[in-house]
Amino acid sequence: MSILVDDDTRVVVQGITGGEGQFHTEQMMSYGTNVVAGAVPGRGGQEVDGVPVYDTVEQAAREEDANASVIFVPPAFAADAVLEALDSPVELAVAITEGIPQQDMAKVYAQLEVSDTDLIGPNCPGIITPGEAKLGILPGNIFAGGDVGLVSRSGTLTYQVVDNLTQRGIGQTTAIGIGGDPIIGTDFVDALAYFEDDPDTKAVAMCGEIGGQDEEEAAAFIGDHMDTPVAGFIAGRTAPPGKRMGHAGAIVSGGGGTGTAESKIQALDDAGVPVGDTPNEVADHIEAFL
Amino acid sequence: MSILVDDDTRVVVQGITGGEGQFHTEQMMSYGTNVVAGAVPGRGGQEVDGVPVYDTVEQAAREEDANASVIFVPPAFAADAVLEALDSPVELAVAITEGIPQQDMAKVYAQLEVSDTDLIGPNCPGIITPGEAKLGILPGNIFAGGDVGLVSRSGTLTYQVVDNLTQRGIGQTTAIGIGGDPIIGTDFVDALAYFEDDPDTKAVAMCGEIGGQDEEEAAAFIGDHMDTPVAGFIAGRTAPPGKRMGHAGAIVSGGGGTGTAESKIQALDDAGVPVGDTPNEVADHIEAFL
Amino acid sequence: MKLHEYQAKGVFAGAGLPVPESRLASTVDEAVAAADEIGYPVAVKAQVQVGGRGKAGGIELVENETETREAAAAILGMDLKGLHVDRVLVESAVDFVDELYAGVTMDRAKGEPVAMVSTEGGVDIEEVAAENPDAIAREHVDPASGLQPYQARRAVFEAGVDREVATDVARVLTTLYDLWAERDATEIEVNPVMVTADDDAVCADAVMNVDDDALFRQSELAAMEEEAAGDELEAKANEYGFDYVRLSGNVGIIGNGAGLVMTTLDLVDYFGGTPANFLDIGGGAKAERVTNALDMVFSDENVDSVVFNIFGGITRGDEVAKGINEALAQFDEIPKPVVVRLAGTNATEGMEILNTDLVTVEETLESAVERAVEYTEGNQ
Amino acid sequence: MKLHEYQAKGVFAGAGLPVPESRLASTVDEAVAAADEIGYPVAVKAQVQVGGRGKAGGIELVENETETREAAAAILGMDLKGLHVDRVLVESAVDFVDELYAGVTMDRAKGEPVAMVSTEGGVDIEEVAAENPDAIAREHVDPASGLQPYQARRAVFEAGVDREVATDVARVLTTLYDLWAERDATEIEVNPVMVTADDDAVCADAVMNVDDDALFRQSELAAMEEEAAGDELEAKANEYGFDYVRLSGNVGIIGNGAGLVMTTLDLVDYFGGTPANFLDIGGGAKAERVTNALDMVFSDENVDSVVFNIFGGITRGDEVAKGINEALAQFDEIPKPVVVRLAGTNATEGMEILNTDLVTVEETLESAVERAVEYTEGNQ
C-alpha cells in the first residue's frame with residue numbers, strides 16, 4: 001500500500017508544453033506514472049509525447065478521468081493554476097513551481113480550507129510511491145518499494161535520506177517532499193496522519209529544518225496520535241539566527257525560542273522521536289524500528 | 001412562544017448616538033425591549049437614555065451579555081457594522097439601514113454563510129414579538145400577541161396586513177420584515193422554516209412582491225416542508241415590466257417568466273397557498289385557518 | 001443609473017478594454033467630421049438608453065459622407081421607443097467574423113456576482129437564456145476574491161469560444177468583472193464582443209448600470225448622471241427625491257413604502273380603475289414632502305382623482321394631515337377629488353387635524369381606493 | 001528585500017499615512033541644510049537596516065546646527081552592527097505623549113496575514129511578545145477580503161489605545177494592511193506610532209520588507225533595491241544568482257538544495273570543523289554555474305578546503321563534473337583542496353568524467369565532509 005498516489009493515479013500535467021513540464025512529463029511516464037492529460041490554456045487539441053492537451057483542468061478531468069494534477073507553471077501564474085486544480089474534480093494537486101509570491105499562496109491557502117482537493121507544495125519535489133507513480137521531479141532510480149514512509153521539507157535532503165535507506169535495502173511506501181515555503185498545502189502533520197493510517201507503513205522518516213513551528217507541531221502530533229515509530233532529522237543546526245538560507249522557510253525567527261534547531265530537536269525528543277545527527281543515523285534509527 | 005426574539009433578547013444598538021438610532025432606541029425601550037447597550041466607535045463610556053455605550057459590539061456583548069444587534073448606521077458604513085455583528089457573539093443582527101451598496105451586501109452575504117449569526121435586512125422594518133421585544137422601527141401599537149406568524153418584504157404593507165389581523169382580534173407570534181433589497185439575510189424560506197418549527201404559530205401570512213424568485217422558492221418550500229397553513233399576498237400585479245418601483249427588488253426581470261406577480265401567484269397556488277387579492281382577503285384566509 | 005454607450009465605452013477604454021475608435025456628435029456636420037477623422041466605414045449610433053436600437057433604426061452603417069449625412073439626419077431627432085435622440089456616437093466599424101456575448105451581473109438568488117459568456121452574441125441574450133440556457137457559460141464569483149483568471153478561461157472554453165481568441169476574451173471578462181466590482185456596477189454587458197479576422201476581440205457595444213446607492217463613492221460616474229430626459233414629471237420627482245413612475249391611468253396615487261404603494265395600484269386595478277402613477281413619499285415624511293407629492297400628482301393632466309394612503313410607522317399621521325391641509329389651502333377650488341386614508345402612528349391625531357371639507361376620508365385601504373375609482377367614473 | 005526607513009516612509013506617505021517631514025542627507029552639510037528646512041528639533045537617523053539603531057547610537061535628537069553637525073559627523077561613516085552608515089534621515093522630531101506599535105505580517109502557522117497593535121510601542125516588540133503576549137492585540141485577516149475597518153477598530157480598542165486617537169490608529173492599521181497586500185510586503189512595522197498631545201497619530205519609524213518572489217510585479221519597489229552593501233562576496237553571489245551566506249569558518253561548502261547544503265554545514269560542525277559559507281547552486285545547475293560557485297568559494301580568503309556535495313535530481317552529475325573540471329583547469333595549481341561527492345542522477349557518469357588528479361572523491365556525504373575538515377586541520 002501507499003498514501004495519496006498509486007497505480008490508479010491518473011495525472012494531468014498543468015504546463016505540459018513548457019520546458020520543465022515537458023521534460024518531467026517524459027520522466028514521470030518513463031517511471032511508469034499514468035500521465036493521461038496535459039492542461040494549457042489555448043493549447044487544447046495538441047499532444048505532448050502522445051498525451052492529449054486540454055485547455056482547462058476541468059476538461060482534462062472530465063475527458064480523461066484525471067484525478068491528480070502536477071503543476072509546472074511559471075510563478076506569476078502558478079497560484080491561479082493551483083486554484084484551477086483546487087476548483088476541479090482532481091483530488092490531489094502537486095505544485096512544483098518555486099517562487100510563488102507569498103500573498104498569492106495565502107489566497108490559495110484560504111481556498112484549500114474549502115476545497116476537497118489536497119495540495120502538496122509548492123516549491124517541492126513532489127511525491128512518489130515507488131514502482132507505482134511519481135508526481136514531480138524526484139529521481140525515481142534512488143527509490144525502492146518497501147515499508148518506510150518519508151516526509152521532508154527539503155528536496156535533495158530527501159534524496160539523501162532515501163539513498164541511505166535504499167542502499168541498505170530499506171524500501172519506501174511513499175515519499176513526500178512537502179516543500180520549504182512558509183505557506184504550503186500538506187504539512188508534516190497531514191502527511192504523518194496519512195502514514196499512521198497506512199497499514200503498510202511500518203516506520204516514518206521525517207526531515208525538517210529550521211524556521212517555523214511545523215516540526216514542533218509534528219512532534220506534538222506524533223506524541224499524541226501515532227503508534228508508527230518515527231525517526232527525525234533537522235537541518236540547519238549551525239545556521240546563524242536571522243540569516244536566510246535558501247528556503248524562505250529556513251529563517252530562525254528568534255522569537256519565543258521556537259523555530260530553532262534546538263527547539264525542534266527537543267520537541268521531537270520529548271515525543272520519543274530519535275533525531276539523527278547525520279542523515280545516515282536516521283537510516284540507523286529506521287532500521288532499528290523494523 | 002415566538003421566533004428569533006423574545007423576553008430574553010438583550011439588544012445592542014449599533015449607531016445609538018445617531019438621530020435615528022437614538023429615537024428608535026427610545027421607541028424600542030418604551031415598547032419593553034431589553035436594550036442593554038449601544039456600540040459606537042469612539043463613544044465608549046457614554047450613555048444614551050441610560051444605556052451604556054461601548055466602542056465595539058464585541059465589548060457590548062461581553063460586558064452586557066447582548067445577544068442581538070439592531071443596526072442604525074449610515075449606508076456608507078453599514079456593511080462594516082453588519083460584518084462586525086456577524087463576527088461578534090450576538091446571535092441576531094437586524095439591519096434597518098436603507099441604501100447599502102449592493103456590492104457591500106454581496107460581501108456581507110458571503111460572510112453570512114460562515115457566520116453563526118442570523119441577519120435580518122437590510123432595508124427592513126425589523127422584527128417584533130408582540131409584548132416581548134421589538135427590534136427595529138415597526139409601530140408597536142398595531143401588533144397584538146397571538147398565534148399567527150407574519151413575514152414580509154415590505155414595511156408598510158406589513159403594517160397593513162397586521163392591522164387587518166389585529167382589528168379582527170387575530171394576534172401574532174412574531175412578525176418579520178425581511179426587507180426588499182436584492183440581497184438580504186433571512187429570506188422567506190428561512191423565516192417560514194422558523195415558523196414551521198414554532199409550535200405556537202398556527203398560521204403564517206406571507207407578503208411578497210414582484211421581482212426576484214424568492215416567492216417562488218418560498219412556495220416550493222411550503223409545498224415540500226410545511227404543515228402550518230400559509231396565506232399569501234403579492235404586491236405589484238399592475239407594475240409594468242422593467243420599471244423600478246421603489247424597492248431595488250421590485251423589478252420584473254422578464255427573463256424566463258419568473259419574477260412577475262403571475263408567476264409568484266401561480267407558484268403559491270400550486271403549493272396550496274391561497275393568495276389574497278387585497279390585504280384584507282389575506283386576513284380572511286388566515287381567519288379561516290384558525 | 002444607466003450609462004450611455006459612449007460613457008460606458010469611455011470607462012471601458014480607461015480600463016484597457018479594446019473598444020473601437022469613436023466620437024460623439026450632436027449635429028450632422030459633427031457626425032461627418034467625426035467620420036472623416038475616424039475613417040470609413042463607420043457606424044452611426046443613437047445614444048439613448050434602450051435595447052434593440054439596431055432593429056428600431058437607431059444604428060446605421062455608412063461608407064461615405066453622403067451616407068453619413070443621411071444617417072445622422074435620420075437618427076438625430078428621432079423618437080426611439082419614446083426617447084428623443086439628441087446625440088449619436090460615430091464609431092469605427094469593426095470587420096468581424098464572429099459575435100460573442102460577455103456580461104457580469106448580480107445573481108440575487110445566490111447573493112453572488114456572476115460572469116457570463118456566450119458564443120450567441122449580437123442577438124437578444126434574454127431570448128438565448130430562455131431558449132438555450134446552456135449556450136451561456138456562467139461563473140459565480142466570490143465577491144471578496146473577484147473573478148479568477150482560471151474561472152474566466154473555464155467559462156470561455158466551456159462556452160466554446162474559438163481557441164485563437166479565447167484567452168483574449170477571458171481577459172476581457174476578468175477586466176469587465178474588475179470594472180463591475182471597482183465601479184459599483186449592477187450590470188455590465190458587452191453584446192456583441194466582435195471577433196475580427198485577425199482573432200482580436202473588440203467590445204462593440206457597452207451597457208453599464210451603476211448602483212445608485214454607491215454613487216457617493218463613484219464621483220466620476222456620478223458626474224455622468226444627466227437630468228432625466230423626456231418626462232417632465234419624472235424630472236420633478238427626481239428633484240423632490242421621490243420614487244415615482246408615471247403610468248397611463250387616471251387615479252393618482254400617493255403612499256408611503258413601495259410595497260404598500262404597489263398594493264394601492266393593484267387595488268385601483270382590482271376596483272376597475274387605472275393607476276396614473278406610482279409615488280412613494282418614503283418613511284418619516286414631513287408636511288413639506290406631502291405638499292410636494294400632491295403638487296406633483298395635481299400637475300399630471302391625466303389624473304382625475306387622487307388616493308392618499310398612509311400607514312404610519314416612522315411617518316406620522318398628524319404630519320401627513322398637516323401637509324395635506326397646507327397643499328390644499330393654496331387652491332380656491334380643489335382641482336381633483338382627494339381621498340385620504342390614514343392609519344398607524346398618530347392616525348387619530350391626523351384625522352382630527354384633517355380639513356374634511358377639502359378631502360374625502362375613508363377608514364380602510366379598500367374603501368379609499370374604491371372611492372377614488374368612483375370619482376373618476378364621471379370623467380371616463 | 002528590506003526597504004530603508006526613508007524608502008518605506010516614502011511609500012507610507014504615498015498611501016496617505018501620517019509621517020514626519022524628512023530629508024535624506026549624505027554629508028554633514030546636507031544634514032544641516034535639511035534641518036534648517038524642516039525646523040528644529042529634528043532627529044538624525046542612520047539609514048542602515050538593523051534593529052536597535054537608537055541604543056547603538058545611530059539616532060540623535062538635535063536642537064540646533066551645532067548639535068546637528070556633531071550628530072551627523074558622528075553617525076555618517078559609523079559602523080552600526082557591522083553595517084557602514086553612509087546616509088542619514090533628518091526628520092522633524094515628534095513631540096509625543098505616547099508610543100504605540102502597529103504591524104502586519106504573515107502568520108505562517110495559520111497561513112493567514114495578521115495585523116497587530118499594542119500600546120507597548122517604542123520598545124523591542126519581540127520582548128513584549130515573549131513576556132506579555134496579551135499586550136499585543138491581533139487580528140487575523142482573510143487575504144481575499146483584507147483587514148476590515150471593524151477588525152482594525154476591535155484590535156485598537158482591545159489593545160487599550162486611548163479613545164481619542166483610536167479611530168485614527170485603526171485607520172493607520174487598515175492602511176498598513178492595504179499597503180502590505182498591494183505592495184507584496186512580507187512584513188510592515190511601525191514602532192513607534194507616536195501619539196501627540198493633540199491626539200494625532202504619527203508613523204515615527206517604518207519597517208517594510210518585500211517578498212522577493214513578487215518583485216516582478218512591484219516595479220516601483222524593485223527599483224529601490226540596491227547593491228548589497230558591504231560584503232563583496234555576497235554581492236557577487238547576487239550577481240551569479242546563488243543563495244549564499246558568508247560565515248566565519250574555513251570549510252567552503254557548495255551543494256544543491258537548501259536542506260542538503262544546511263545539512264552539509266551541520267556535518268562540518270559535527271566533524272569538528274567550521275563552515276565558511278552556505279552556497280546553494282540550485283536545481284538543474286549546468287557546468288557554468290558550477291564554475292562560478294567554485295570561483296566564489298576560492299575567492300574567500302578564509303576558506304582552507306572545499307566540500308562539493310551534489311545529490312542529483314534535476315541536477316545531473318555529469319554536468320557538475322564538467323563544471324568542476326573546467327573551473328580547476330584554469331589553475332596551474334589548485335588553490336585549495338576540493339573534496340567531491342556526487343550521488344543521484346548521472347552520478348556514475350560524473351565520476352567517470354571527473355579529473356581525480358585535481359580533486360578528492362568520496363562516496364558518502366559523511367566521508368566527504370570528514371575529509372574536507374581534515375584538510376583544514378593543518379591550517380588551523
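About the thresholds
Along each chain, residue indices are assigned from 1 in the same order as the chain's sequence is written. The naming scheme follows written order: chains are lettered A onward, ligands numbered 1 onward. It should be noted that, the model being predicted, local features are given only for residues of pLDDT at least 70 and side-chain atom pairs only at 80 or more, the latter also being counted only at that level, while totals for whole chains, interfaces and linings use all residues. To get the side-chain values, all heavy atoms of the structure are used, and hydrogens and water are removed first. The rule is simple: take the accessible area with a 1.4 Å probe, protein chains only, and divide by the maximum for that residue type; under 20% is buried, over 50% is exposed, in between is partly exposed. Helix and strand assignments follow DSSP, with helices taken as H or I runs no shorter than four residues and strands as E runs no shorter than two, numbered in order from the N terminus. When DSSP finds two or more bridges between a pair of strands, those strands are recorded as paired. The definition of a right-handed crossover adopted here requires that, viewed with the strands pointing away, the path from the first strand over the helix to the second runs clockwise. In what follows, residue pairs with any heavy atoms lying within 4.5 Å of each other are defined as contacts. Once two parts are put together, the accessible area they lose, assessed with a 1.4 Å probe and summed over both, is termed the buried area. The rule for a salt bridge is simple: a side-chain nitrogen of Lys or Arg has to be within 4 Å of a carboxyl oxygen of Asp or Glu. For this analysis, a polar contact is any N or O atom pair within 3.5 Å, provided that within protein one partner can donate a hydrogen and the other can accept it, and provided that sequence-adjacent residues contribute only side-chain to side-chain pairs. With axes taken as lines fitted to C-alpha atoms, and helix axes fitted only over the stretch in contact, angles between N-to-C directions fall between 0 and 180 degrees.

A.B. asks: Help me understand the pairing of strand β6 (residues 92–95) of chain B, please; the structure alone is not making it clear to me.
C.D. replies: Consecutive residues of a regular strand have side chains that alternate between opposite faces of the sheet. Residues and elements named next belong to chain B. Judged by which residues are buried, β6 turns out to be covered on both faces: L92 and V94 on one side and A93 and A95 on the other are all buried. Bridge count for strand β5 (residues 68–71) against β6 is 4 bridges, and the pairing is parallel. Its bridge partner lying in β6, A68 is registered against L92. In this fold, β5 hands off to helix α3 (residues 75–86), which returns the chain to β6; that crossover is right-handed. In terms of strand pairing, β6 meets strand β7 (residues 118–120) through 3 bridges, oriented parallel. Considered in β7, the bridge of A93 is made with L119. In this view, the connection linking β6 to its parallel neighbour β7 by way of helix α4 (residues 102–112) has right-handed handedness.

A.B. asks: Looking at this structure, I do not really get the interface of chain A and chain D. What am I missing?
C.D. replies: For interface size, the figure often reported is the accessible area lost on association. Taken together, the 53 residues of chain A in the interface contact 44 residues of chain D. Of the roughly 3800 Å² buried between chain A and chain D, counting both surfaces, carbon and sulfur atoms make up 59%. Where chain A meets chain D, there are 1 salt bridge. One salt bridge in this structure joins R217(D) and D104(A), with 2.8 Å as the shortest N-O distance. Taken together, the links from chain A to chain D amount to 12 residue pairs in polar contact (both at pLDDT 80 or more). Listing elements by their share of the side of chain A that touches chain D, those giving two or more residues are α4 (102–112), α5 (155–167), α7 (214–225), β13 (230–235) and α9 (279–289) of chain A.

A.B. asks: In this structure, what is going on with the interface of chain D and chain B? I would like to understand it.
C.D. replies: On the chain B side, the residues contacting the 11 residues of chain D number 15 residues. When the shortest N-O distance is used, the salt bridge between E58(B) and R154(D) registers 3.7 Å. Between the two partners, chain D and chain B, sit 8 residue pairs in polar contact (both at pLDDT 80 or more). Residue assignment for the side of chain D that touches chain B shows that the elements contributing at least two residues are α5 (149–159) and α6 (163–182) of chain D.

A.B. asks: Hey, could you run me through the sheet that holds strand β1 (residues 22–25) of chain C in this one?
C.D. replies: As a general point, the strands of a sheet are linked pairwise by backbone hydrogen bonds and lie either parallel or antiparallel. Residue and element names in this part refer to chain C. Read across the open sheet, the 4 strands follow the order β1-β6-β2-β3; overall the sheet is antiparallel. The sheet terminates laterally at β1 and β3 (59–62), the two strands that pair on one side only. Going from strand to strand, the sheet's axes swing by 20° on average, the running direction of each strand aside. In terms of strand pairing, strand β2 (residues 42–46) meets β3 through 4 bridges, oriented antiparallel. Across the sheet, V44 pairs through a bridge with E60, a residue of β3. Of the strands in this sheet, β1, β2 and β6 (88–92) are in contact with helix α1 (residues 5–14), which crosses β6 at around 45°. Here helix α3 (residues 65–75) sits on the sheet in contact with β2, β3 and β6, set at roughly 170° to β3.

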